[in-house]
Structure formats: C-alpha cells, structure tokens
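Here's the letter readout for the chains.
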Amino acid sequence: NPSDVQQCAQLASDYIEMNDRVQWPDLKFLFGDIIYGGHIWDKVDSLVVSTYMDQYLNEDLISGCVLVPGLSTPPWTASADEMMAYVQNCVIRDSPHEVGLHPNAAILCSMEE
C-alpha cells in the first residue's frame, strides 16, 4: 500500500530527526505493529513481518547492506532527494537470482507460461 510506505518514510524521517541515535526496536514496533499491524491476519503473517523487520531494520541499514541483489543501501550521508534518485536509478532485473531462487526457476517459469 503506497500510503503505508509513505507513512513509514515520514515516520522514520521524523523519528531520526528527533533522536540522536536510531532505536531499532522502536522503529520495528512502529512499522511492524502500528502501521502494518492491521494487515496481519495470522501467526504466519506476523512471523513474516517480524522476520523482515529483523532483517532490514538494524545497524547494517546505516553502515551499508545489500537489500536485494543489485540494490544496496544508498549512502547514509545523502539527502532525502539524493536517496530517492539513487533508488529510482537502480536497475533491478526480474530474475530468479534477485529473489534468491535457483537459475533454473526461470526455465520452469517460462515453460509454464
């Protein structure tokens, strides 16, 4: 949902401006439980959201990490506009490798299409 993403971005921006240090558990709670919590239907959904929060919302996000193959975090010193431009200019190819699948998954997919 684009409005959820926009709310998370605004909340993160406000939160980081108000605090000297990023409190990752706070952001995980705000994003995972408050903003996306209404979309969670069962324990499996809850586990998926929690896993994503643990994977991406940590100190590696600032120091640099690979979000998906071909897309790393933008430089932390970049402005919001520079970060948006960085993400928009990244080319993410639609291939099995980008989502962690075996290369043969593309063969199977094309056979079924």
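Everything here concerns the structure above.
Keep in mind that what you see is a predicted model, and the values were worked out from it rather than measured.

A.B. asks: Quick rundown of the overall build of the chain? Include the residues and the values.
C.D. replies: Each helix and strand counted, the chain has six helices and two strands in total. With 113 residues in all, the chain has 18% of them scored as buried. Counting only contacts in the chain whose residues sit at least 6 apart along the sequence, the fraction spanning at least 24 positions is 38%. In the structure as shown, the chain presents an accessible area of about 8600 Å², 59% of it carried by carbon and sulfur atoms.

A.B. asks: Can you lay out the pattern of salt bridges for me, pointing to particular residues and giving the numbers?
C.D. replies: The full count for this structure, using the stated rule, is one salt bridge. For the salt bridge of K28 with D54, the shortest nitrogen-to-oxygen distance reads 3.3 Å. Residue K28 is located in helix α2 (residues 24-35), and its partner D54 is located in helix α3 (residues 43-56); the two are separated by 26 residues in the primary sequence.

A.B. asks: Explain the side chain of T73 to me, using residue names and the numbers behind them.
C.D. replies: By the element assignment, T73 lies in the loop between β2 (71-72) and α5 (80-89). The class for T73 is buried, based on a relative accessible area of 11%.

A.B. asks: Can you break down the packing of aromatic side chains residue by residue, with the values?
C.D. replies: Any two aromatic rings considered together are summarised by their centre-to-centre distance and by the angle between their planes. Counted according to the given criterion, the structure contains one aromatic pair. Ring geometry for Y52 against Y56: centres 6.2 Å apart, planes inclined by 10°, an arrangement best described as stacked. Here Y52 pairs with Y56, and both are found in helix α3, just four residues apart, close to one helical turn.

A.B. asks: Pulling in residues and values, what's your account of the nonpolar core?
C.D. replies: Across soluble globular proteins, nonpolar side chains show a tendency to be buried alongside one another. Core analysis: the largest hydrophobic core is formed by ten residues, namely C8, A12, Y15, V22, W24, L27, F31, I35, M53 and L57. If one sorts the elements of this core by residue count, α2 sits on top with four residues. L27 has contacts with Y15, V22, G32 and L57, leaving out every residue within four places of it along the chain.

A.B. asks: Lay out α3 with the relevant residues and their values.
C.D. replies: Between its terminal C-alpha atoms α3 stretches 20 Å, which fits the 20 Å expected from 14 residues at 1.5 Å a residue. The N-capping residue of α3, defined by a side-chain oxygen 3.1 Å from the backbone nitrogen of V44, is D42.

Reading the values: the criteria
Residues numbered from 1 in each chain as written. Predicted model: local features only at pLDDT ≥ 70, side-chain atom pairs only at ≥ 80, totals over all residues. Heavy atoms only, no water. Helix = DSSP H or I, 4+ residues; strand = E, 2+ residues; numbered from the N terminus. Buried < 20%, exposed > 50% of the residue type's maximum accessible area, 1.4 Å probe, protein only. Contact = heavy atoms within 4.5 Å. Areas by Shrake-Rupley, 256 points an atom, 1.4 Å probe, with all protein chains shown as cover. Salt bridge = Lys/Arg side-chain N within 4 Å of Asp/Glu carboxyl O. Phe/Tyr/Trp six-rings, centres within 6.5 Å; stacked < 30°, edge-to-face > 60°. Core = buried A, V, L, I, M, F, W, Y, C linked by side-chain atoms within 4.5 Å. Expected span 1.5 Å × (residues − 1). Polar contact = N/O pair within 3.5 Å; in protein donor to acceptor, adjacent residues only side chain to side chain.

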